[in-house]
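Each chain is listed here by its residues.
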Amino acid sequence: MTTLTRRQALAAAATLPLAAALPRPTLARAEMQGSALPPFHRFRLGSFEVTTLLAGTRSGDKPQETFGLNASAEDFATASAAAFLPADKTMTFFTPTLVNTGTELVLFDTGLSADGLGAALAAAGLAPEQVDVVVLTHMHGDHIGGLTTADGAAPFFPNARYVTGSVEHNHWSAAGNEGFDKNVRPLNEKTSFVEGGGSAAPGITAIEAFGHSPGHMAWMVESRGQHLAITADTANHHVWSLQFPDWEVRFDADKAAAAATRKQLFGMIAADRIPFISYHMPFPAVGYVEPKDAGFRLVPASYQMLLDG
Ligand SMILES: [Zn+2]
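Let me begin by describing the structure that accompanies this report.

Here we take up the sheet that holds strand 5 (residues 97–100). Pairing in this open sheet of seven strands is mixed, and the strands run 1-2-5-6-7-8-9 from one edge to the other. A strand with exactly one partner marks an edge of an open sheet, and here the two such strands are strand 1 (40–45) and strand 9 (191–194). Mean inter-strand twist for the sheet, computed between neighbouring axes without regard to direction, equals 20°. Bridging between strand 2 (residues 48–53) and strand 5 involves four bridges; their strand directions are antiparallel. Looking across to strand 5, one finds that Glu49 is bridged to Asn100. Contacting strand 1, strand 2, strand 5 and strand 6 (105–108), helix 4 (residues 114–123) crosses the sheet at an angle of about 135° to strand 2. Its contacts with the sheet place helix 6 (residues 166–175) against strand 8 (161–165) and strand 9, and it is angled at close to 90° to strand 8.

With that settled, consider the coordination of the zinc ion. Binding of the zinc ion to the protein goes through Asp142 (OD), His143 (NE2), Asp233 (OD) and His280 (NE2), at separations of 2.1 to 2.3 Å. Positions of the donor residues of the zinc ion along the chain correspond to the pattern D-H-x89-D-x46-H. On the criterion of sequence distance, the pair formed by Asp142 in helix 5 (residues 141–144) and His280 in the loop between strand 14 (276–278) and strand 15 (286–292) is long-range, its members being 138 residues apart. Grouping residues by exposure puts Asp142 and His280 together as buried.

Before going further, it helps to spend a moment on the pattern of salt bridges. Applying the stated criterion across every chain yields a total of six salt bridges. With a shortest N-O distance of 3.3 Å, Glu104 and Arg161 are connected by a salt bridge. With a gap of 57 residues between them, Glu104 in the loop between strand 5 and strand 6 and Arg161 in strand 8 connect regions that are remote in the sequence. For the salt bridge of Arg185 with Asp181, the shortest nitrogen-to-oxygen distance reads 2.8 Å. By relative accessible area, which is 37% here, Asp181 ends up partly exposed.

In this section: the nonpolar core. Core analysis: the largest hydrophobic core is formed by 25 residues, its most contacted members being Phe108, Val135, Ile204, Trp219 and Val221. Ranked by residues supplied to this core, first place goes to strand 12 (residues 217–223) with three residues. Apart from the residues lying within four places of it in its own chain, the contact partners of Ile204 are Val99, Thr101, Val106, Phe108, Gly198, Ser199, Trp219, Met220 and Val221. By size, the runner-up hydrophobic cluster in this structure holds 24 residues, among which are Leu98, Leu117, Phe157 and Leu187.

Let us now look at unusual backbone geometry. With an omega dihedral of 10°, the bond running from Phe283 to Pro284 counts as a cis peptide bond. Backbone geometry at Asp109 places phi at a positive 65°, although glycine is not the residue there. The residue Asp109 is located in the loop between strand 6 and helix 4 in this model.

This part is about the sheet that holds strand 12. Taken in spatial order, the seven strands of this open sheet run 10-11-12-13-14-15-16, and their pairing is mixed. Two strands close off the open sheet at either side, each with one partner strand: strand 10 (199–201) and strand 16 (295–300). Strand-to-strand twist in this sheet, taken as the mean axis angle between neighbours without regard to direction, amounts to 35°.

What counts and what doesn't
Note that residues are indexed from 1 along each chain, following the sequence as it is written. Per-residue local features of the predicted model are confined to residues with pLDDT of at least 70, and side-chain atom pairs are confined, for both listing and counting, to 80 or more; whole-chain, interface and lining totals are unaffected and use all residues. Heavy atoms from the whole structure form the basis of all side-chain values; hydrogens and water molecules are not counted. A pair of strands is treated as paired once DSSP finds two or more bridges between them. For helices the rule is a DSSP run of H or I covering at least 4 residues; for strands it is a run of E covering at least 2, with both sets numbered from the N terminus onward. Axis geometry follows a simple rule: fit a line to the C-alpha atoms, using only the stretch in contact for helices, then measure angles between N-to-C directions, giving values from 0 to 180 degrees. Whether two residues are in contact is decided by their heavy atoms, any of which lying within 4.5 Å being enough. Think of the donor list as every N, O and S atom within 2.8 Å of the metal, or within 3.2 Å for Na, K and Ca; water never makes the list, so a site can look incomplete. Exposure classes here rest on a 1.4 Å probe applied to the protein chains alone. A residue is buried below 20% of its type maximum, exposed above 50%, and partly exposed in between. One speaks of a salt bridge when a side-chain nitrogen belonging to Lys or Arg is within 4 Å of a carboxyl oxygen belonging to Asp or Glu. Only buried residues count toward a nonpolar core. Its members are Ala, Val, Leu, Ile, Met, Phe, Trp, Tyr and Cys residues joined through side-chain atoms within 4.5 Å.

As structure tokens, this is what we get:
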């Protein structure tokens, strides 16, 4: 099928007698491929290697039903426009992170399903059997869905041990939720529990970041003096949450605690000028923050961490 652009159509019409006499031109063309993102992004941190895995995306409408519950529609629209974002649509990313410490391969969170995570892992050249440690930042479904194979029959990471916060685990052990009961509870005997300051592996330290969920944990990764924060769901949008930490988020269990945690954790990250990975922010989900007004401005990472040495 041949479709002419307006300019081509006009040109063709102007030269119709001649053009009609010539053989039909062959147009080199490729089919539209659709929007796409790379499934993984890898960089070095000291002697560690860090890979963010795009385990899935979701687009949605009516973002103010999730972010800025206590903001006016006008303020929400103004903030969105200033950031070149529509106020009536959004996209959420699901980004588990791998840290290869040289002695262990540590995975932070597992996405919605083993399918999504497995595809990103495979693209990055890795298999679930190679994961030594799975760290769970908290027990919401989009972080624990990939713990079990797609058919639900077995753990997706057959050789892994698990680490999570004791406050979070205790909460869901008592309260229960479908994903927890199916994916997390069966792993109890292979799971160790930490408080803030506890360790998942050498160089990987827990930070209490309560609020989004009762025992939500962020993590600090350190190698040879280089630091990287894994902030999980402390702030879930680079504008509607990071720039406005006091804006209420539907999924934050304790909204006041979540806001206080946002300000404290990102205040530290801004002051120390260290990079961070945020689970739901635009892929590859790596950046820095600087203080701005009452919140923070995201400075997406460019090539800083791709440089040798
Ligand atoms: Zn989440």
